Amino acid sequence: MTINMRAHEAGILHAEGSGAAPQWLPYPRDVMELLPQLYAKGVSRDEEGVVTVAGVPVTDIAREFGTAAYVVDEDDFRARARAFQEDFTRPFVAVCGGADVYYAGKAFLCTAVARWVLEEGLSLDVCSGGELAVARRAGFPGERIALHGNNKSIPELRAALEHGVGRIVVDSLVEIERVAEVARELGVVAPVMVRVTVGVEAHTHEFIATAHEDQKFGFSLASGAAMEAVEAVLGQESLTLLGLHSHIGSQIFDVSGFEIAARRLVGLHVEVARRHGVHLPEMDLGGGYGIAYTSEHDPMTPAHLGADMAAVLDRELKQLDDLADELAGDQLGDDPVATAAPRPRISIEPGRAIAGPSTFTLYEIGTVKRVQVGPQAERMYVSVDGGMSDNVRTALYGADYSCTLASRRSDAEPAVTRVVGRHCESGDIVVMDEYLPADVEPGDLIAVPGTGAYCRSMASQYNHTPRPPVIAVRDGHARVIVRRETIEDILALDVDE
Ligand SMILES: Cc1ncc(COP(=O)(O)O)c(C=O)c1O
Ligand SMILES: N[C@@H](CCCC[NH3+])C(=O)O
């Protein structure tokens, strides 16, 4: 018999693989009270038991804006952005002069969010012409934008260079030629970074790991392709090489993957300096910091992460200091070591860790059905007015979410629940296993926390379902930052011949 640790803590005893029928254990507490760390800082329950965000009851939000809706606690988002910008970067000052934080807009980006990020002093990572357009509309300065993507189009590259982006992270030899050509055409020198596949097997879902050899991103370090790419960039007059980039994957809790990545990346950085006499001014370690979706996850704070990663970098950059000693001995006499082989400035690209916990999805229950799943066990299937079209992560990665009854308190017995969507698939599941009070009924609201990253940004119109709005709440006031799609929006795309 295997016991799911989270579910076990919540009182669910799984009998998977044992052949025995599942049995549920009694669960005594309110899920939100048990797991407050899953919710944004401004989320709590009022005296009536209604969940509130920054002082606004979810019942008011549902009445005014409808459901399903993504509800973001603006102060929570900003605080997490600030924690990376300030607490994470602080230890890097002594190690390499400082660090820059590029918010990864793929997690979630709209004009308001780009402005929050800008106001909190971060830079921005975009990976498409669409994300770049949003950044431009928000007034994001080009020099604080990084452009990613493994197949950027010429119009995207042109738009990026016209906006003066601070870095383009190149991903193939064809693309190096392409960027060089567009830069020549525009009469500019394009700043680029080379995305390196460092060969780390990140401990995460295989679809969101990105630094093992057999996948589409980057230039392999092991095969020599990364050095070849560096040389290709150095050979182009319309390109300037800022540095090397590595992103090992997403929803990672273990610094050891970053440590191996840093060691290998610094190794290549030193090799470039040694072979070509080029001291690259930057180095980017990507994003990927995990968040808590359930009690199974225990993420590090940005301060803790920063301290650990700065220590790792300090250790690994000793490789560069050895080169500096060599160079100083050979060429520079008494010149300070720092001028012989200066340490690169570090940057990172967190997305999920800033956006994810700031948001919950608010759904209204439409139907409740009890299904017998064993002689002593039944599962309550709660259908909500959304599903895999607004949160595909459960279906795509087997992601685990929690939920809570949000519109009232209930003293009813807890029931093992699966929250499902309204789409035409049995895999249309939002929350696999959680407890809800057994008296939940149509019209009740539930909140699914941790949906700020890769939910709205990966939302679809499956079954011609209009995508939900994003409602930002701050200081007792809720407002729309992304409006709800309408059937008219969907019909507008459909050519009526
Ligand atoms: C290149 C790059 N940088 C940053 C990120 C952001 O990752 P996360 O949201 O896990 O921090 C991603 C996505 O995994 C990415 O591909
Ligand atoms: N979309 C993925 C993460 C991929 C991030 C982009 N490289 C998720 O929801 O977890």
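On a predicted model such as this, the values are computed, not experimentally measured, just so you know.

K.L.:
Lay out the nonpolar core with the relevant residues and their values.
P.N.:
Core analysis: the biggest nonpolar cluster contains 118 residues, and Y103, V113 and V194 have the highest contact counts within it. Counting residues per element, this core draws most heavily on helix α11 (residues 255–276), which supplies 10 residues. When near neighbours in sequence (up to four residues on either side) are disregarded, V194 contacts V170, F219, A226, A229, V230, V233, L241, G243, L244 and H245. Counting residues in hydrophobic clusters, the runner-up holds 29 residues, among them F65, V71, Y435 and V473.

K.L.:
Give me the UniProt feature "binding site: pyridoxal 5'-phosphate" (unreviewed entry) in the protein chain: which residues, what numbers.
P.N.:
UniProt feature "binding site: pyridoxal 5'-phosphate" (unreviewed entry): in the numbering of this structure it lies at G288, E349, P350, G351, R352 and Y454. As for its placement among the helices and strands, G288 is situated in the loop between β14 (282–284) and α12 (302–316). Judged by its relative accessible area of 9%, G288 falls in the buried class. Those residues within four positions of G288 in sequence are excluded, and the remaining contacts are H247, G249, S250, Q251 and I252. Considering the arrangement of structural elements, one finds G351 in the loop between β15 (345–348) and α15 (352–355). Each residue touching G351, except ones within four places of it in the same chain, is listed here: Y103, A104 and A107.

K.L.:
Outline the site of ligand 1, listing residues and values.
P.N.:
As a structural note, the neighbourhood of ligand 1 is formed by 15 residues, with H247, S250, E349, R352 and Y454 the closest of them. Between ligand 1 and H247 there is a distance of 2.7 Å, counted from an oxygen atom to a side-chain nitrogen or oxygen. Separating an oxygen atom of ligand 1 from a backbone N or O atom of G351 is a distance of 2.9 Å. Considering ligand 1 on its own, with 390 Å² of exposed area, one finds that the protein chains cover 92% of that surface. Tallied by class, the residues present in the shell around ligand 1 amount to three nonpolar, seven polar and five charged.

K.L.:
Tell me about empty space enclosed by the protein, residues and numbers included.
P.N.:
Rolled over the atoms, a probe as big as a water molecule pinpoints where empty space is left. A complete count under the given rule lists one cavity of 30 Å³ or more for this structure. The volume enclosed by the largest cavity comes to roughly 80 Å³. F108, T359, T451, G452 and V470 are, among the 14 residues lining the largest cavity, the residues nearest its centre. Of the residues belonging to the lining of the largest cavity, the class tally is eight nonpolar, five polar and one charged.

K.L.:
An account of the pattern of salt bridges is requested, with residue identities and associated values reported.
P.N.:
For the structure on display, the rule yields 33 salt bridges. Salt bridges linked by common partners bring E74, D75, R78, R82, E119, E120, R474 and R479 together as one network.

K.L.:
Help me get a handle on the side chain of R78, residues and values and all.
P.N.:
Along the chain, R78 turns up in helix α4 (residues 74–88). Beyond its immediate chain neighbours, meaning those up to four positions away, R78 contacts W116, E119, E120 and R474.

K.L.:
Tell me about the side chain of E282, and please be specific about residues and values.
P.N.:
Tracing the chain through its elements places E282 in strand β14. Here E282 falls in the buried class, since its relative accessible area comes to 16%. A polar contact of 3.0 Å, which involves the side chain of E282, links it to the side chain of R167.

K.L.:
So what about the site of ligand 2? Which residues, and what values?
P.N.:
Surrounding ligand 2, one finds eight residues, the nearest of these being R352, R393, Y397, Y454 and M458. Within the side chain of R352, one N or O atom sits 2.6 Å away from an oxygen atom of ligand 2. Within the contact set of ligand 2, a nitrogen atom lies 2.9 Å away from a side-chain nitrogen or oxygen of Y397. When ligand 2 sits alone it has 310 Å² of accessible area, and the protein chains cover 83% of it. Taken together, the residues of the shell around ligand 2 break down into four nonpolar, one polar and three charged.

K.L.:
Which residues make up the sheet that holds strand β4 (residues 51–53), and what values go with them?
P.N.:
With respect to topology, three strands assemble into an open sheet ordered β3-β4-β5, the strand pairing being antiparallel. What marks the edges here is a single partner per strand, and that holds for β3 (43–45) and β5 (56–57). Bridge count for β4 against β5 is two bridges, and the pairing is antiparallel. Paired with T52 across the two strands is P57, which belongs to β5.

K.L.:
Account for the layout of surface pockets, with residues named and values stated.
P.N.:
The computed volume of the second largest pocket comes to approximately 490 Å³. When contributions to the lining of the second largest pocket are tallied by element, the ones reaching two or more residues are α4, α11 and α12. Residue classes in the lining of the second largest pocket are distributed as 19 nonpolar, four polar and five charged.

K.L.:
How would you sum up the pairing of β15? Please name residues and give values.
P.N.:
The sheet contact formed by strand β7 (residues 99–104) and β15 spans three bridges and is parallel. In the sheet register, V101 faces β15, and the bridge partner there is I348. As defined by bridge partners, β14 adjoins β15 across three bridges and the pair is classed as parallel. Directly across from D284, in β15, lies its bridge partner S347.

K.L.:
Lay out helix α9 (residues 173–186) in plain terms, naming residues and giving numbers.
P.N.:
Here α9 spans 20 Å end to end across 14 residues, near enough to the 20 Å set by a 1.5 Å rise per residue. The complete set of buried residues in α9 reads E175, I176, V179, A180, V182 and A183. Summarising the axial view, the buried residues of α9 lie within an arc of 165°, below the 170-degree limit, and thus occupy one face. If you follow the buried residues of α9, they end up packed against α8 (154–162), β10 (167–170), β11 (190–197), β12 (219–220), α10 (225–234) and β13 (239–245).

K.L.:
Break down α12 for me, citing the residues and quoting the values.
P.N.:
With 15 residues, α12 extends 20 Å between its outermost C-alpha atoms, agreeing within 8% with the 21 Å of an ideal straight helix rising 1.5 Å per residue. Every buried residue belonging to α12 is among P302, L305, G306, M309, A310, V312, L313 and E316, and all of these are buried. Each buried residue of α12 lies within a common arc of 160° when the element is viewed along its axis, so the set occupies one face.

Scoring rules and cut-offs
Residues numbered from 1 in each chain as written. Chains lettered and ligands numbered in written order. Predicted model: local features only at pLDDT ≥ 70, side-chain atom pairs only at ≥ 80, totals over all residues. Heavy atoms only, no water. Core = buried A, V, L, I, M, F, W, Y, C linked by side-chain atoms within 4.5 Å. Buried < 20%, exposed > 50% of the residue type's maximum accessible area, 1.4 Å probe, protein only. Helix = DSSP H or I, 4+ residues; strand = E, 2+ residues; numbered from the N terminus. Contact = heavy atoms within 4.5 Å. UniProt positions renumbered as here; feature names shortened; annotations may be inferred. Near = heavy atom within 4 Å. Polar contact = N/O pair within 3.5 Å; in protein donor to acceptor, adjacent residues only side chain to side chain. Areas by Shrake-Rupley, 256 points an atom, 1.4 Å probe, with all protein chains shown as cover. Nonpolar A, V, L, I, M, F, W, Y, C, P; charged D, E, K, R; others polar. 1 Å grid on protein atoms, 1.4 Å probe; cavity = no way out; pocket = protein on both sides within 12 Å on 5 of 7 lines; lining within 4 Å. Points joined across faces, edges and corners; volume = space filled by probe spheres on them. Salt bridge = Lys/Arg side-chain N within 4 Å of Asp/Glu carboxyl O. Pairing = 2+ DSSP bridges. Expected span 1.5 Å × (residues − 1). Arc of directions from axis to C-beta.

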